[in-house]
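An overview of the molecular structure
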Amino acid sequence: MEQRRSAEREDGVLTRIGQAIMLHRAGDREEARNRLAALWQEIGPLGDAFHRCALAHYMADTQDDPRDELDWDLRALAAAEGFVTERPARARPSGAAEGSGPRQPLAALRAFFPALHLNLAADYAGLDRPADARAQLRRARTSVRALAEGEYRRRLTEAIDRLELRIEGAAGPFR
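The structure reproduced in this document is the subject of the present report. Fair warning: this is a prediction, and the values are worked out from it, not measured in the lab.

Rules and cut-offs
Residues numbered from 1 in each chain as written. Predicted model: local features only at pLDDT ≥ 70, side-chain atom pairs only at ≥ 80, totals over all residues. Heavy atoms only, no water. Helix = DSSP H or I, 4+ residues; strand = E, 2+ residues; numbered from the N terminus. Buried < 20%, exposed > 50% of the residue type's maximum accessible area, 1.4 Å probe, protein only. Salt bridge = Lys/Arg side-chain N within 4 Å of Asp/Glu carboxyl O.

Observations regarding unusual backbone geometry
In this structure, Asp128 takes a positive phi of about 60° despite not being glycine. In this structure, Asp128 sits in the loop between helix H5 (104–126) and helix H6 (130–145). Using a relative accessible area of 64% as the deciding quantity, one classes Asp128 as exposed.

Shown next, in the form of structure tokens:
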């Protein structure tokens, strides 16, 4: 029974994040930011790392100041890195065998790393920090190679290439 309540709470958090994303995409950036901020306070620093990652990632998109966007993207990456190390052990019910329990969020989050690094690269490029942008682009390119072939990988690779060209045009080639 407690597992069902926990799953319902988690589904509710993801639903609320999704609702805020829809508001943002519909053009209500401020309301989306307000809802995500309230949810961030509710989740707290010890809340589920997957939730913190998703929320911080989308919160970054609602920011007006590029430094604030960078801060939120850094929080998203830190939460993702925490999720990869903490979730497998926490997600298994007590007494469950190693390797059992919810693994799908872990796989989904690992597939998210290229986008997280790409966002950070764009943040750094926008803040005129080309060395940091290049470092994040390298990490994005490395992590995108781990993805299965498909539309998602292709779109990310193209976005990495576009940003790389933009930075090269401003500061010369790198790799």
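Having seen the structure, we can now continue with the description.
Some details on the pattern of salt bridges
The full count for this structure, using the stated rule, is 12 salt bridges. The residue Arg16 makes a salt bridge to Glu42 at a minimum N-O spacing of 2.8 Å. With a gap of 26 residues between them, Arg16 in helix H1 (residues 2–25) and Glu42 in helix H2 (residues 29–43) connect regions that are remote in the sequence. Classification of Arg16 by relative accessible area gives partly exposed; the value is 37%. Several salt bridges converge on common partners, so that one network encompasses Arg29, Arg33 and Asp64.

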